[in-house]
Structures are given as C-alpha cells and as structure tokens.
Amino acid sequence: MSSYDLSVIAPCLDESLNIPELTRRVLNVFERGGLKGELILVDDGSTDGSVELIKELALKHPESLVGVYHPENRGITDAWRSGVGAARADVVAVIDADLQYQPEDLLRLYRTLMENSLDVVQGWRSAVGREKGTRFHVSRTFNTLLNKTFGMDLQDNKSGYVMAPKEVFEDLLTYNGNYRYWQSFIMVAAHAKGYSYKEIETLFEKRRQGESFLTGTTLSASMSSIVDLGKAAWEYRIKRGKSTVSEQFLNKHPVEAAPKARTVANAVRWRTYMSTFDQTHWMITKNVENYYESLRKTQWLSA
C-alpha cells in the first residue's frame, strides 16, 4: 500500500494566474483533512510561464507537489494519463486548474468514496451561484443527450471533477475511439464498465483569472462533442453492452480451467428458480444472480 492517501491531478494550460491559489488551497485541504496527499500539476504545453512556476512550487513543496510537463498541448485526457502515471497514492482525483471546481470539496468526495466503498465519485456542478450563459445551457442539453443515449440518470454526466482508486481510473482511461473531447464520457465509461458510482453536489464558480481554452469555440466544440457522442455510443453502448468488472478482467485474462457449462436440465432448473426469486426471497436483492455468476466464472483465477 502507498504511504500517500490521495493524489490530486490538475491539467494546466496557461494557468499561471491560478496555479499559486490552487496549490495553496489543495495543500490546505490535505492538512485540514489529515491526509498525506500530493498535488500533481500537469503542464500541457503552456506558453505563459506556467512551467517555471510549477518547477518553483515543486522545489518549495517537494513532498506534496509534483510537476509533469508536456512539451506540446496534448489535451486533458493525456494530461490525466500522465498525472495518473506519476501518482503515488492509491486514490486519485482530477480537478481543473481554473478554480471553478472548489478544492475544498475534495474532502467530501474522499469521504463519500471511502464510506460507501465505491469505485467512482463525481462532483456534479450545482446551479447555485453558477453563471447561466450559453455554455451552461449547452452543457445541460449535452447532459440530457448523454443520459438518454446511455440509459443513465446523472445530474451532470460530463462533470470532470472525479475521484477513484488509481487502478479504476487507469481502466476508465482505456478506450479505443478517436475522440476530440473524451473527458466528457468519463462517467459513461464507468457505467459501461460496470463500476459502482455516486454523485455529490459541488459548487462551481465563475473563472476569476485567465481564459478558458474553449473561449470563443462554443459552437465548434459542441459540434465536435456531437460527433464524439456517436463514437461513444458505438464503443460503450452498441459494441460493448453493459458488462461487469469481472467480465472485463476475464476477457483480458481468461482462466485455463473455465467452469463447465450447465446441462440443459440444470439450466432449466436455474431459470425456474430465479423466476420465482422475488416472491420467495423478498428480503434479498435479485442482483444476487449477477454476483453468483461472477463468482462462478472467477473462482478459478489465481491470486
């Protein structure tokens, strides 16, 4: 087990005006929450002096701040990958560097993850105090499209304020499609891959310093997101279908001594038993069938 409790990953693109405040607040969160944590600042090809600033802060906080540097802009998803690769904790979180998501909510995400034994916790952007301009309404519309397309019911499906065990986050970042903005589908990936998740309401404030990389590109970004939605529907809904974590693992690491197939008589007996399960076992969830099948398939795996 790692000696670190939490690694917070923040992609940075020309965020020199926000990095000092982000650093101060995240490190204060670690102290207040009694966590041994680290802030991983991933510079994604900045040209505003962010690199030099991150290096200076890394020297000032050698145990709690790590700098990762991309020589050119590679996008948020690649920045997340680089951050996860550098993370020393068993739990990672991703947050934007512009301070619209509030670092203080990290403690609520962490507590929710730990107390509920979840795979993923997402902070959804509250409408309280939020600027309701064009981007807000575009985001709400896209949220509806995501929920309808993938059979989900999240308040803010595309929110990028997410916390998960490191190995879970690494798996979420494994995809096949060529996306422009894959970060919008992180909860779709969690849903499709069978991970347990929960969302909690978090504050989302107006950017105070600098400009977003999406400034002036709302229309083109929206069109690209619609194209990405089609690719995601193919990868996560049509091609994959909903699977469990154990099924994914077995696809990558098949067992040599697979369980024997049921006989016709046993199959009929099993289906008859499960068809009456709700009436005869009303205090037990019917999801027991899924758990049983998972155990039946994975019992032959080595340690």
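This structure is a prediction, so every number in the text was calculated from the model and none was measured.

Draft legend 1. Broad picture of the sheet that holds strand β6 (residues 162-165). Strand order in the open sheet made by the seven strands is β3-β2-β1-β4-β6-β5-β7, with mixed pairing throughout. Each of the sheet's edge strands pairs with one partner strand only, and the pair in question is β3 (65-70) and β7 (197-202). The sheet shows a mean angle of 20° between the axes of neighbouring strands, taken without regard to direction. The pairing of strand β4 (residues 91-94) with β6 spans four bridges and is classified as antiparallel. Along β6, the bridge assignment pairs V94 with V162.

Draft legend 2. Fine view of the pattern of salt bridges. All chains considered together, the criterion is met by 10 salt bridges. The closest approach of N and O atoms between R24 and E21, which form a salt bridge, is 2.8 Å. Residue R24 and its partner E21 are located together in helix α1 (residues 19-33), separated by three residues, close to a single helical turn. You can call E21 partly exposed: its relative accessible area is 31%. Residue E293 is joined to R262 by a salt bridge in which the shortest nitrogen-to-oxygen separation is 2.7 Å.

Draft legend 3. Layout of helix α3 (residues 76-86). What α3 keeps buried is the set T77, A79, W80, S82, G83 and V84. In this structure, the buried side of α3 is in contact with β1 (6-12), β2 (37-44), β3, β4, α6 (166-172) and α7 (186-192).

Draft legend 4. Structural view of the packing of aromatic side chains. Using the criterion set out here, one finds nine aromatic pairs in the structure. Arranged with centres 4.7 Å apart and planes meeting at 10°, the rings of Y175 and W182 form a pair that is stacked. When the centroid spacing of 5.8 Å and the interplanar angle of 45° are considered together, the rings of Y179 and F185 count as tilted. Both residues of the pair, Y179 and F185, count as buried. Directly above the aromatic system of Y4 lies the positively charged group of K36, at a separation of 4.5 Å from the ring centroid.

Draft legend 5. Highlighting helix α5 (residues 134-150). Its 17 residues give α5 an end-to-end C-alpha distance of 24 Å, which sits within 8% of 24 Å, the value for a rise of 1.5 Å per residue. All of the buried residues along α5 are F136, S139, F142, N143, L146, N147 and F150. When α5 is viewed along its axis, its buried side chains cluster within an angular range of 140° and face the same direction. Along α5, exposed side chains directed more than 90 degrees from the buried face belong to T134 and K148. Phi turns positive, to about 65°, at G151, one or two residues after α5.

Draft legend 6. Molecular detail of the nonpolar core. Core analysis: the largest hydrophobic core is formed by 38 residues, its most contacted members being V120, F150, F169, W182, F185 and Y236. Looking at this core, the element that brings in the most residues is α7, giving six residues. If you look at the next biggest cluster of nonpolar residues, it comprises 34 residues, including L27, L65, A97 and I200.

Draft legend 7. Structural view of the pairing of β3. Judged from the six bridges that link them, β2 and β3 form a sheet pairing that is parallel. In the sheet register, D44 faces β3, and the bridge partner there is H70. Between the parallel pair β2 and β3, the chain is carried across by helix α2 (residues 50-60), and the sense of this crossover is right-handed.

Cut-offs and rules
Going along each chain's sequence as written, the residues are numbered from 1 onward. Only residues with pLDDT of at least 70 are given local features in this predicted model, and only at 80 or more are side-chain atom pairs given and counted; all residues enter the totals for whole chains, interfaces and linings. Excluding hydrogens and water, the side-chain figures rest on all heavy atoms present in the structure. Paired strands, in this sense, are two strands between which DSSP finds at least two bridges. What counts as a helix is a DSSP run of H or I of at least four residues, what counts as a strand is a run of E of at least two, and both are numbered from the N terminus. Between N-to-C directions, angles cover 0 to 180 degrees, with each direction set by a line fitted to C-alpha atoms, over the stretch in contact for helices. We count a salt bridge whenever a side-chain nitrogen from Lys or Arg sits within 4 Å of a carboxyl oxygen from Asp or Glu. Summary of the burial criterion: residues with accessible area below 20% of their type's maximum are buried, those above 50% are exposed, and those between are partly exposed, where the area comes from a 1.4 Å probe applied to protein chains only. Should any heavy atoms of two residues lie within 4.5 Å, those residues are considered in contact. For Phe, Tyr and Trp, where Trp contributes only its six-membered ring, two rings pair if their centres lie within 6.5 Å, and the inter-plane angle classes them as stacked under 30 degrees, edge-to-face over 60, or tilted in between. In this scheme, Lys NZ or Arg CZ marks a charge over a ring once it lies within 6 Å of the ring centre and within 35 degrees of the ring normal. Here the expected length of a helix is defined as 1.5 Å per residue gap, with one fewer gap than residues. The arc in question is the one spanned by the directions pointing from the helix axis to the C-beta atoms. To define a nonpolar core, start from buried Ala, Val, Leu, Ile, Met, Phe, Trp, Tyr and Cys residues and group those joined through side-chain atoms within 4.5 Å. Seen with the strands pointing away from the viewer, any crossover whose path from the first strand over the helix to the second strand runs clockwise is right-handed.

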